[in-house]
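Understanding the architecture of this molecule
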Amino acid sequence: MSRKRPTDDGDELLTRLGSLTAQARERAEVQRSRVELAIALQRGMLPADMPAAPRYHLAVRYAPAYHGLNVGGDWYDAFTMPDGRIGLSIGDVQGHNIEAAAFMGQVRVGLRALASVTSEPGELLARTNDLLLSLGTELFATCTFIRLDPSTGVLESARAGHIPCVWATADGRSGIVDGDGGPPLGVQAGTTYPVTRHQLTTGGVFVLLTDGVVEGPLMEVDQGLDQVVRLAGAAAVAGMAVDALAAAVIKGADRVGHEDDAAVLVLGYDGPEVQPEGGSARPPSRRDGRTGV
């Protein structure tokens, strides 16, 4: 009976290990390419420019976070609607892959397109929900949409399964926006979304964010929201620039140990234009940031 020599067994083992290593490397390269494509999709679908309105300032921050080689589908957006009011949206797609990133783009574009038909936040989310259901996908998204009237400082918001916004005023008050929301977009047909109204006051700020900012292995969502409330309150009292506040909020995401994307959108209001004696306008506010609305 013939028998393989030990050296032959060793050579066969090395050959097999080499083949498995090559296969693993090839799979890793394919997955890495998918992640790079998803990141490119995310960045390409986020707005390059923000709308402008006197005495209002807007700042955004976005931090993609990777869990293994996956990537999420958070987004933010701001645009001027046909009626002259400004639409603000922020949201999070279920899932962490290239499909989630692509679906994020569909939701964002759908919101923009339907805002040309109706700017009322509750109706807009309801129409977007019906649109996503008609696509037949199994994915869904949480979202907050806000309509800002620059002439009055009134904010009207509706939520679809998303975490609430945070507000703060220059006199030291701050908190979480009250009001019910509806289920995520793309889950249930015929859903209605209640609308909550908020009045921006001089020196006030309004913070929209995704759950990657306030929830993770190291912190529960209520603790994370309290952290943002404290930051927003201190910033409003100090007259901090919205850009600095957005940076501080996104940095706070590190303390929650998040494994998800993190997005922040901060709106600040200087108040009505004041014309002092002599007719010259009031000097620019300290609240001006690098990104302005």
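What this report covers is the structure whose coordinates are included nearby. (Residues numbered from 1 in each chain as written. Predicted model: local features only at pLDDT ≥ 70, side-chain atom pairs only at ≥ 80, totals over all residues. Heavy atoms only, no water.)

**A word on the overall build of the protein chain**
- Counting its secondary structure elements, the protein chain contains five helices and 10 strands.
- When the 293 residues of the protein chain are sorted by exposure, 48% land in the buried category.
- Carbon together with sulfur atoms contributes 54% to the accessible area of the protein chain, which is approximately 14,100 Å² in total. (Helix = DSSP H or I, 4+ residues; strand = E, 2+ residues; numbered from the N terminus. Buried < 20%, exposed > 50% of the residue type's maximum accessible area, 1.4 Å probe, protein only. Areas by Shrake-Rupley, 256 points an atom, 1.4 Å probe, with all protein chains shown as cover.)

**Brief notes about the environment of R173**
- Mapped onto the elements of the fold, R173 is located in the loop between β6 (166–168) and β7 (174–176).
- Between the alpha carbons of R173 and A236 there is a distance of 8.9 Å; along the sequence they are 63 residues apart.
- At 3.3 Å, the side chain of R173 and the side chain of D171 are in polar contact. (Polar contact = N/O pair within 3.5 Å; in protein donor to acceptor, adjacent residues only side chain to side chain.)

**A look at helix α4 (residues 221–238)**
- Taking 1.5 Å of rise per residue, 18 residues should cover 26 Å, and α4 covers 26 Å from first to last C-alpha, within 8% of that figure.
- Of all the positions in α4, only G224, L225, Q227, V228, V229, A232, G233, A235 and A236 are classed as buried.
- Where α4 is buried, its residues contact β6, β7, β9 (205–209) and α5 (242–252).
- Downstream of α4 by one or two residues, G239 has phi in the positive range, about 65°. (Expected span 1.5 Å × (residues − 1). Contact = heavy atoms within 4.5 Å.)

**Describing the pattern of salt bridges**
- The full count for this structure, using the stated rule, is nine salt bridges.
- Close ionic contact of R55 with D270 constitutes a salt bridge, the shortest N to O distance being 4.0 Å. With R55 in the loop between α1 (6–45) and β1 (56–63) and D270 in the segment after β10 (262–269), the pair connects residues that are 215 residues apart, well separated along the chain. Residue R55 shares its accessibility class with D270, and that shared class is buried.
- Across the salt bridge formed by D243 and R61, the nearest N and O atoms sit 3.1 Å from each other. Within this pair, whereas D243 is found in helix α5, its partner R61 is found in strand β1, the two being separated by 182 residues in sequence.
- Residue D243 is classed as buried on the basis of its relative accessible area of 9%.
- Here the salt bridges share partners, and the residues they tie into one network are D77, R108 and R112. (Salt bridge = Lys/Arg side-chain N within 4 Å of Asp/Glu carboxyl O.)

**Points about the packing of aromatic side chains**
- Summed over the entire model, instances satisfying the criterion amount to two aromatic pairs.
- Judged by centre distance (4.6 Å) and plane angle (20°), the ring pair of Y56 and Y269 falls under stacked. One end of the pair, Y56, is in strand β1; the other, Y269, is in strand β10, with 213 residues separating them in the sequence. When sorted by exposure, Y56 lands in the same class as Y269, which is buried.
- Ring plane angle 45° and centroid distance 6.3 Å describe the contact between F79 and F145, whose orientation is recorded as tilted. With F79 in strand β2 (residues 73–80) and F145 in strand β4 (residues 141–149), the pair connects residues that are 66 residues apart, well separated along the chain. (Phe/Tyr/Trp six-rings, centres within 6.5 Å; stacked < 30°, edge-to-face > 60°.)

**Some thoughts on the sheet that holds β1**
- Spatially, the five strands line up as an open sheet ordered β1-β10-β9-β6-β7, and their pairing is antiparallel. In this open sheet, the two strands that pair with only one neighbour each are β1 and β7. Along the sheet, successive strands turn relative to each other by an average axial angle of 15°, direction set aside.
- Pairing geometry for β6 and β7, over three bridges, is antiparallel. The residue bridging W167 from the neighbouring strand is G175, located in β7.
- Relative to β6, α4 is tilted by about 25°, and along the sheet it contacts β6, β7 and β9. (Pairing = 2+ DSSP bridges. Axes fitted to C-alpha atoms, helices over the stretch in contact; angles between N-to-C directions.)

**What about the environment of L231?**
- Here L231 shows up in helix α4.
- In this structure the C-alpha to C-alpha distance between L231 and A168, which are 63 residues apart in sequence, comes to 9.2 Å.
- What L231 contacts, discounting residues up to four positions off in sequence, is L245, A248 and V249.

**Things to note about a negative patch on the surface**
- The grouping of E215, E220, D222 and D226 at the surface amounts to a negative patch.
- The topology assignment puts E215 in the loop between β9 and α4.
- Taking relative accessible area as the criterion, E215 reaches 39% and is therefore assigned partly exposed. (Patch = residues over 30% accessible without salt bridge, like charges linked within 9 Å, V, L, I, M, F, W, Y side chains within 5 Å. Lys, Arg positive; Asp, Glu negative; His and termini not counted. Charge placed at Lys NZ, Arg CZ, Asp CG, Glu CD.)

**Things to note about unusual backbone geometry**
- The phi torsion at R55 lies on the positive side, around 75°, for a residue other than glycine.
- Using a relative accessible area of 15% as the deciding quantity, one classes R55 as buried.

**Focus on α5**
- Buried within α5 are the following residues: V242, D243, L245, A246, V249, I250 and G252.
- At its buried positions, α5 is contacted by β1, β9, α4 and β10.

Honestly, it's all geometry; don't read function into it.
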